[in-house]
Amino acid sequence: QVQLVESGGGLVQGGGSLRLSCAASGRTFTNYVMGWVRQAPGKGREFVAGITWSSGSTRYADSVKGRFTISRDNVKNTVYLQMNSLKPEDTAVYYCAAGQIGGSIYYVPSRLNDYDYWGQGTQVTVSS
C-alpha cells in the first residue's frame, strides 16, 4: 500500500523559506511521477510542481517558477519542495501526490487526475 507522508509546513514571514518533505513507501517508485499540489482557503487544488522519479524531469506552475525547487532523494525515497521568497498567496495546504508514468519518463503531468495517491497534507502559512 502506497503511503505518502508530508512534513515541514509551518508559519513563516513573507520573503522567508520553507522546505517540505514527502516520505514515500509501499512500493518501488521508479516508474512514478511525484507532485506537490496545494489548496488555498476557499479554492480548489492546484498543481505546484512535479518530478519524475527515474529521469528527474521537473515541471512547475508559473506562479512558483524561480522560487520553488522540487527534488528527490532516491536512497531515502523522499521528495522535497524547497520554497523561497514566499508570499502570502502561497498560503495553503500542500499535498504530496504520486502517479504512474504512462508514457515518456521525461513527461511530468500537471493534471490532478494523473496522480493516484495522496498524502494527508501539511499547512503552510505565510504572513505579510
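Residues numbered from 1 in each chain as written. Predicted model: local features only at pLDDT ≥ 70, side-chain atom pairs only at ≥ 80, totals over all residues. Heavy atoms only, no water.

Visitor: Describe the side chain of Glu 6, and please don't skip the residues or the numbers.
Guide: As for its position among the elements, Glu 6 is in strand β1 (residues 3–7). Within the structure, the side chain of Glu 6 is placed 3.0 Å from the backbone nitrogen of Gln 120, a separation counted as a polar contact. Within the local environment of Glu 6, its side chain forms a polar contact with the backbone nitrogen of Gly 121, the two atoms lying 3.0 Å apart. Every residue in contact with Glu 6, bar those within four places of it in the chain, is listed here: Ser 21, Cys 22, Trp 36, Tyr 94, Tyr 95, Cys 96, Gly 119, Gln 120, Gly 121 and Thr 122. (Helix = DSSP H or I, 4+ residues; strand = E, 2+ residues; numbered from the N terminus. Polar contact = N/O pair within 3.5 Å; in protein donor to acceptor, adjacent residues only side chain to side chain. Contact = heavy atoms within 4.5 Å.)

Visitor: Residues and numbers for the sheet that holds strand β8 (residues 78–83), please.
Guide: One open sheet holds the four strands; their spatial order is β1-β3-β8-β7, and the pairing between them is antiparallel. What marks the edges here is a single partner per strand, and that holds for β1 and β7 (68–73). Direction aside, neighbouring strands of the sheet carry axes that sit 15 degrees apart on average. In terms of strand pairing, strand β3 (residues 18–25) meets β8 through six bridges, oriented antiparallel. (Pairing = 2+ DSSP bridges. Axes fitted to C-alpha atoms, helices over the stretch in contact; angles between N-to-C directions.)

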